[in-house]
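Per-entry structural report
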Amino acid sequence: MKSTLDESQPIFHQIAMMIMDDIVEGRLRAEEQVPSTNELSRFYNINPATARKGLQSLVDKGIIYKQRGVGMFVAKGARDMLLMERKEHFYEEYIRPLLEEARRIHMNEDMIIDLIKGKQDKEDES
């Protein structure tokens, strides 16, 4: 997890996003324990209720689960679920608008692919 929080979005949401990032990037694996409410509140110097709200949002989504008296753990299949969700978001946020603009300026699929590959080839040469 990153060491600082910012004012760009609610803190509880940032906590949830950091844990989801750790799961997607493999730093937290299925059945591994996630930081506790108290650990998060001490580390980030935030109200425990704020940390709890971030963790609870992940429980509500089925990404982590509570084991009474022990802690919270990454659910089996959480990484795959997050990857699928993020791929859908990537399509909606980036690909769909790209395709709509390409249609407006009369670019076909081959032209788009050539642009992507051309840019990638130039980056590879650097």
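Here's what I pulled together on the structure shown here.

Parameters and conventions
- Residues numbered from 1 in each chain as written.
- Predicted model: local features only at pLDDT ≥ 70, side-chain atom pairs only at ≥ 80, totals over all residues.
- Heavy atoms only, no water.
- Axes fitted to C-alpha atoms, helices over the stretch in contact; angles between N-to-C directions.
- Helix = DSSP H or I, 4+ residues; strand = E, 2+ residues; numbered from the N terminus.
- Parallel < 35°, antiparallel > 145°, perpendicular 65-115°, else oblique.
- Left-handed = near helix turned anticlockwise from the far one by under 90°.
- Contact = heavy atoms within 4.5 Å.
- Nonpolar A, V, L, I, M, F, W, Y, C, P; charged D, E, K, R; others polar.
- 1 Å grid on protein atoms, 1.4 Å probe; cavity = no way out; pocket = protein on both sides within 12 Å on 5 of 7 lines; lining within 4 Å.
- Points joined across faces, edges and corners; volume = space filled by probe spheres on them.
- Core = buried A, V, L, I, M, F, W, Y, C linked by side-chain atoms within 4.5 Å.
- Buried < 20%, exposed > 50% of the residue type's maximum accessible area, 1.4 Å probe, protein only.

Side note on the packing of helix 1 (residues 11-24) against helix 3 (residues 48-61)
Following both chains from N to C, one finds helix 1 and helix 3 inclined at 50 degrees, their axes separated by 8 Å at the closest point. Relative to helix 3, helix 1 is oriented oblique. Like other packed secondary-structure pairs, helix 1 and helix 3 cross with a definite hand, here right-handed. Where helix 1 approaches helix 3, its residues Ile11, Phe12, Ala16, Ile19 and Met20 are matched on the opposing element by Thr50, Lys53, Gly54, Leu55, Ser57, Leu58 and Lys61. Looking at the contact of helix 1 with helix 3 residue by residue, the classes come out as seven nonpolar, three polar and two charged.

Points about the layout of surface pockets
Here the largest pocket defines a volume of roughly 210 Å³. Forming the walls of the largest pocket are 13 residues, and the residues nearest its centre are Thr37, Lys66, Gln67, Gly71 and Met72. Counting residues per element, the ones that place at least two in the lining of the largest pocket are helix 3, strand 1 (64-67) and strand 2 (71-74).

Observations concerning the nonpolar core
Counting residues in hydrophobic clusters, the biggest one holds 22 residues, and the most contacted among them are Ile19, Ile23, Val34 and Ile63. At the level of elements, helix 1, helix 2 (37-44), helix 3, strand 2 and helix 4 (78-104) are the ones that each hand at least two residues to this core. With seven residues, the single largest contributor to this core is helix 1. Among all residues touching valine 34, those that are not within four sequence positions of it are Ile19, Leu28, Glu39, Leu55, Ile64, Met72, Phe73 and Val74.

Shape descriptors only; they carry no functional weight alone.
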